Amino acid sequence: APGAGSQAEPPAPARQQAAAPAARHTPAADRNVALLDQVVERTLSSVQQLYGGDFRADDTAFGDLDGDGRDDAAILVTYEADRDDYVQYLVAYLFDGETYRSSATKNVSGRFLDVQRAEVRGIVDQSIVVVLEAPDADAACCETRETAFALKEGQLVEVEKPKGP
């Protein structure tokens, strides 16, 4: 699981929610956002100390990933070893009623992949909806495609994109 460091600004995943409806701004939801911020910041700091480079939380979405009715979270974490070398990881955090626990991580873009950038759009029907941007040799920039990832036996696996937002 990825992490942030002393040279990076503290991550603020709650302020970068990809698809949290306005109705989610309840005291309980706000506590969960703050709790997730703390968990992610600790995780990113630990990984930063182990591996160096720069880890940051870029996108966050809330929704039920495991069917228990609780708001879990998905975070896109970017790791840059240097300015020209980066990897993006999709991290699923399950909420157990007290805290968030990292349950699965998937490399979704960057070095060694055909995907240049990723963006989390939200959680729909227990799937994390992600937009992947791939370089297109015939175009000025990039081809994008929307896909989804779901938790299956402790892994994030690509699945058919759910219908809906």
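Now for a quick tour of the structure.

About the thresholds
- Residues numbered from 1 in each chain as written.
- Predicted model: local features only at pLDDT ≥ 70, side-chain atom pairs only at ≥ 80, totals over all residues.
- Heavy atoms only, no water.
- Phe/Tyr/Trp six-rings, centres within 6.5 Å; stacked < 30°, edge-to-face > 60°.
- Buried < 20%, exposed > 50% of the residue type's maximum accessible area, 1.4 Å probe, protein only.
- Lys NZ or Arg CZ within 6 Å of the ring centre and 35° of its normal.
- Pairing = 2+ DSSP bridges.
- Helix = DSSP H or I, 4+ residues; strand = E, 2+ residues; numbered from the N terminus.
- Axes fitted to C-alpha atoms, helices over the stretch in contact; angles between N-to-C directions.

What to know about the packing of aromatic side chains
Here's step 1: Considering all chains together, one arrives at 3 aromatic pairs under this definition.
Here's step 2: Here Phe95 and Tyr100 contribute two aromatic rings whose centre-to-centre distance is 4.7 Å and whose plane-to-plane angle is 40 degrees, an arrangement assigned as tilted. The same class applies to Phe95 and to Tyr100, which are both buried.
Here's step 3: Grouping aromatic residues by their ring pairs yields a cluster made of Phe62, Phe95 and Tyr100.
Here's step 4: In this arrangement the basic side chain of Arg117 is found over the ring face of Tyr86, its NZ or CZ atom lying 3.9 Å from the centre.

A short note on the sheet that holds strand β8 (residues 155-159)
Remark on secondary structure: sheet strands pair via backbone hydrogen bonds, oriented parallel or antiparallel.
Here's step 1: Sheet architecture is open: 4 strands sit in the order β5-β6-β7-β8, paired in antiparallel fashion. On the outer flanks of this sheet lie β5 (117-124) and β8, each paired with one strand and no other. Strand-to-strand, the axes of this sheet are offset by a mean angle of 35 degrees, without reference to chain direction.
Here's step 2: As paired elements, β5 and strand β6 (residues 127-135) share 7 bridges and run antiparallel to each other. From the neighbouring strand, Arg117 faces β6, where its bridge partner is Glu133.

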